[in-house]
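Examination of the molecular architecture
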Amino acid sequence: LVGIALEQGYLSSVDQRMLEFFPESAGRIVDQRKTEITLQHMLQMRTGYPDEETSQEYMDALYWGVYPPLIEDFPLVCEPGTCFNYSNVTYMLLAQVLSRSCEADLRSFAQENLFGPIDTEVGDWQKDREGNYTGSGGIHATSRDVAKFGQLYLDGGEYEGTQIIPSEWVQNSLQSYSEKAKDYGLSLVFKDLGYGYGWWSATVGDHDFNFAWGHGGQLIVLLEDLDMVIVTTADPFFAEHSGNSWKHESAIMNMVGRFIKTLPVE
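Residues numbered from 1 in each chain as written. Predicted model: local features only at pLDDT ≥ 70, side-chain atom pairs only at ≥ 80, totals over all residues. Heavy atoms only, no water.

Of the pairings in the sheet, the one linking strand β3 (residues 178-179) to strand β4 (residues 191-195) comprises two bridges and is antiparallel in character. Residue pairing for β4: E179 is matched across the bridge by G194. By the bridge criterion, three bridges tie β4 to strand β5 (residues 200-204) in an arrangement that is antiparallel. Along β5, the bridge assignment pairs K191 with T203. (Pairing = 2+ DSSP bridges. Helix = DSSP H or I, 4+ residues; strand = E, 2+ residues; numbered from the N terminus.)

This paragraph deals with the pattern of salt bridges. Under the definition given, this model contains five salt bridges. The partner of R17 in a salt bridge is E36, with the nearest N and O atoms 3.3 Å apart. In this pair, R17 sits in the loop between α1 (2-7) and α2 (23-26) while E36 sits in the loop between α2 and α3 (39-43), placing the two residues 19 residues apart along the sequence. The structure contains a network of salt bridges with shared partners spanning D31, R33 and E79. (Salt bridge = Lys/Arg side-chain N within 4 Å of Asp/Glu carboxyl O.)

The next thing to look at is the packing of aromatic side chains. Enumeration over the complete set of coordinates arrives at 20 aromatic pairs. Ring geometry for Y86 and Y195: centres 6.4 Å apart, planes at 85°, overall edge-to-face. Within this pair, whereas Y86 is found in the loop between α5 (70-73) and α6 (88-102), its partner Y195 is found in strand β4, the two being separated by 109 residues in sequence. Across this residue pair, the class does not change: Y86 and Y195 are buried. Between the aromatic rings of F209 and F211, the centroid separation amounts to 6.0 Å while the plane-to-plane angle is 50°, which identifies the pairing as tilted. Of the two residues, F209 and F211, neither departs from the other in class, the shared state being buried. (Phe/Tyr/Trp six-rings, centres within 6.5 Å; stacked < 30°, edge-to-face > 60°. Buried < 20%, exposed > 50% of the residue type's maximum accessible area, 1.4 Å probe, protein only.)

It helps to recall that an α-helix has 3.6 residues per turn; residues three or four apart then point in one direction. The terminal C-alpha atoms of helix α8 (residues 143-154) lie 16 Å apart, and with twelve residues this matches the ideal 16 Å at 1.5 Å per residue to within 8%. Three or more residues of α8 are buried, namely D145, V146, F149, G150, L152, Y153 and L154. Check the buried side of α8 and you find it contacts α7 (106-115), β1 (158-159), α9 (167-173), β7 (218-223) and β8 (228-232). (Expected span 1.5 Å × (residues − 1). Contact = heavy atoms within 4.5 Å.)

Given below as structure tokens:
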């Protein structure tokens, strides 16, 4: 959606600063490093904001906090652009950047410019307590529709002869900007994890691939060398980050990894 918004002129560059879109917070920033955060940092999960999994306080703020004051309240744990942390708050804020720049709610913009053009339709979409559609997950869709989204990326952003997502954006999204990204030790098979713009990268055996990763074990795996999309859906375990949820997620990832390992290399 960010790539589409750039192409349509709602955003001018990934080098735009985050606080440009939150003027109500700009004057209340104590940690001036936050003024350096760009959209590219946000896309790459390299803002310096923490991984919420490291603190119950952060997790509580993620689910029950009020936005955008979290821009001010969440501490930075490193300089923007210097380290990777899986930050849901970052993508929650990125969703608001989109909504504010496009002057439309996220769901409407997504349905008109992405899901509708590939003949899919999202179901429920989680909102934060202020009524904003979240950018960190919570989208309900059928497995077939999710697979069409994955195929769209395999096809360079093109669907039935129409360019839906700019091809350059697809290429940039599937790069790895953070090597050895934290993987929580959930998969015994996925190795060498990296992170692009919202997409992870990994290797299994002789296969290098990108994948989207949702809590509970929801995956969109792009095996470019075989022109194959693998999709799994699962209980999202909303707001549950426990041994039980991680056990299910790990089982699904290992199952997919073992399947990929059996595939030929072309």
